[in-house]
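Below are the chains, spelled out letter by letter.
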Amino acid sequence: MSVIRLYPSGNEVPCPDGMTVLAALEAEGWALPNNCRAGTCGECKVKVRSGSFDQGFVLDMALSKEDREQGYGAMCMAKPLSEYLEIEWGTEDAKPTLFPPREQIAYVVVERIERTPSIIELRLRPIGESLRFWPGQHMQLGAPPEHPLRNYSMANAPRPDGELTFYITREPFGQTSSWLTDSVAIGETLMVNGPYGSFIGDPAIATPVLLLAGGSGLAPIMSLTEAALRRGFAHPVTLVFSVRTPADVYPLGQLEYLKRRYPNFELQVSYTRHDHGKTCTAEPHHHGRIPEILETITPSLAGTAVFIAGSDHFVSDCARVVNSLGPGMVYTEPFTDQQGDFFSLSILG
Ligand code: FES
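Residues numbered from 1 in each chain as written. Predicted model: local features only at pLDDT ≥ 70, side-chain atom pairs only at ≥ 80, totals over all residues. Heavy atoms only, no water.

- If you look the protein up in an unreviewed UniProt entry, it shows as Benzoate 1,2-dioxygenase electron transfer component from Ferrimicrobium acidiphilum DSM 19497.
- Quoted verbatim from the Cofactor (unreviewed entry) field of the UniProt record, the comment on the protein reads "FAD". (UniProt positions renumbered as here; feature names shortened; annotations may be inferred.)

1. A short note on a nonpolar patch on the surface
Okay, step 1: Residues Phe57, Leu59 and Met61 make up a contiguous nonpolar surface patch of about 370 Å² in total accessible area.
Okay, step 2: For leucine 59, the location among the structural elements is in the loop between strand S4 (53–54) and helix H2 (65–69). (Patch = residues over 30% accessible without salt bridge, like charges linked within 9 Å, V, L, I, M, F, W, Y side chains within 5 Å. Areas by Shrake-Rupley, 256 points an atom, 1.4 Å probe, with all protein chains shown as cover. Salt bridge = Lys/Arg side-chain N within 4 Å of Asp/Glu carboxyl O. Helix = DSSP H or I, 4+ residues; strand = E, 2+ residues; numbered from the N terminus.)

2. Focus: the packing of aromatic side chains
Okay, step 1: With the rule as written, the count across this model stands at two aromatic pairs.
Okay, step 2: Put simply, the rings of Tyr167, Phe241 and Tyr250 pair up and form one aromatic cluster.
Okay, step 3: The residue whose ring lies beneath arginine 49 is tyrosine 7, and the NZ or CZ to ring-centre distance is 3.5 Å. (Phe/Tyr/Trp six-rings, centres within 6.5 Å; stacked < 30°, edge-to-face > 60°. Lys NZ or Arg CZ within 6 Å of the ring centre and 35° of its normal.)

3. Regarding the sheet that holds strand S10 (residues 138–143)
Okay, step 1: Overall, antiparallel pairing links the six strands, which are arranged S11-S10-S13-S8-S9-S12 in an open sheet. Lying at the two open borders of the sheet, with one neighbouring strand each, are strand S11 (147–153) and strand S12 (164–169). On average, each strand axis in the sheet is inclined to that of its neighbour by 40°, with strand direction left out of account.
Okay, step 2: One ladder, built from four bridges, connects S10 with strand S13 (residues 189–196); its direction is antiparallel. In the sheet register, glycine 142 faces S13, and the bridge partner there is methionine 191.
Okay, step 3: Packed onto the sheet, helix H3 (residues 175–182) meets strand S8 (102–114), strand S9 (119–126), S10, S11, S12 and S13 and runs at close to 75° relative to S11. (Pairing = 2+ DSSP bridges. Axes fitted to C-alpha atoms, helices over the stretch in contact; angles between N-to-C directions. Contact = heavy atoms within 4.5 Å.)

4. Here we look at the nonpolar core
Okay, step 1: Grouped together as the largest cluster of nonpolar side chains are 31 residues, with contacts concentrated most on Leu239, Phe241 and Phe265.
Okay, step 2: The biggest single contributor to this core is helix H4 (residues 218–230), with six residues.
Okay, step 3: Composition of this core by domain shows at least three residues from each of domain 2 (102–196) and domain 3 (209–344).
Okay, step 4: Residues Leu6, Leu32, Met75 and Trp89 belong to the second largest nonpolar core, which totals 23 residues. (Core = buried A, V, L, I, M, F, W, Y, C linked by side-chain atoms within 4.5 Å. Buried < 20%, exposed > 50% of the residue type's maximum accessible area, 1.4 Å probe, protein only. Domains from an automatic or database assignment.)

5. A short note on the pairing of strand S1 (residues 2–7)
Okay, step 1: Inspection of the sheet shows S1 paired to strand S2 (residues 12–15) by four bridges, in the antiparallel sense. When the bridges of S2 are listed, serine 2 appears paired with cysteine 15.
Okay, step 2: The antiparallel hairpin formed by S1 and S2 contains four residues in its connecting segment, where glycine 10 sits at a positive phi of about 85°.
Okay, step 3: Inspection of the sheet shows S1 paired to strand S7 (residues 84–88) by five bridges, in the parallel sense. By the bridge assignment, tyrosine 7 is partnered in S7 with glutamate 88.

6. A word on the packing of helix H6 (residues 290–297) against helix H7 (residues 312–324)
For any two helices packed against each other, one specifies the crossing angle of their axes together with the interaxial distance.
Okay, step 1: H7 packs onto H6 with a crossing angle of 30° between their chain directions and a minimal axis gap of 9 Å. Overall, the two elements H6 and H7 adopt an arrangement that is roughly parallel. Once H6 is placed against H7, the crossing between them reads as right-handed. For the pair H6 and H7, the contacting residues are Ile290, Pro291 and Leu294 in the first and Phe314, Asp317, Cys318, Val321 and Val322 in the second.
Okay, step 2: Considering only residue class, the contact of H6 with H7 consists of seven nonpolar, no polar and one charged. (Parallel < 35°, antiparallel > 145°, perpendicular 65-115°, else oblique. Left-handed = near helix turned anticlockwise from the far one by under 90°. Nonpolar A, V, L, I, M, F, W, Y, C, P; charged D, E, K, R; others polar.)

Dropping the structure here:
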């Protein structure tokens, strides 16, 4: 058994013999960025300050000779050999390090799906190197100068091929959103800046989690949920998604997949408008705005971490009710885009 020490916080994580540093961190709830988990992408690269480790097989493109000389290691393949292994872990409060934003990175539209009359899903792939991000962060998309850059949250967890998924809401007066929803074609090149946003959650959360999402605020929640479940977050995760009608549950297939793949994930939908005759396979469901019905869904939130994403009103109204139910923690962060696309988000690490 070795001990991984996180610098500068001094937090310590046990690492059983034969376990990689990445696996040991994840087993204790610490979220280290990673992608391939096989030594080929370099996403999990960190500086090792002291101690020795077996690096295992890692491609030079993931960990260069210079990286190795400077003491960096790829933690998805690294196994400690010494009693203590001290690695750099971001800022003093031991939050994970943010990736420095980059600008004017070219991505190609590889898929565009009309999810509802007002929301389209865009999938973009990088032509060259991809932008690394934490689940819950956002990018700026556009094609300046005709279509100024605007903020949109990723709806997917980081992937080895760098693909980014966005849900874009049609805004009647939004110059860029109208272009993205109505005109952008498959094969077109967009400029992407980012990532931005520091609400990358608390990877040490070890409690049940309640996620409240309204409309397109679902995007950062989906990214966080997918990433957390995929890395083995084992506590109950309940998503309550607020939409107007059953037709607005736009990523139904992805939500159903999460339900069946991860038994600790539960989906509930709340409809704010009655739309008789239409049904949704998502069960159970409710009628009414989440702030008005939350107490009937869950009378107490003691010991629960709550994450809220949606419009300013949605977030503030939900937060007010959530706080009255005694949550363990509430994570929100208002954000308003220049063109009127808005969401607030809270992050699950
Ligand atoms: S996660 Fe890809 S090299 Fe470690």
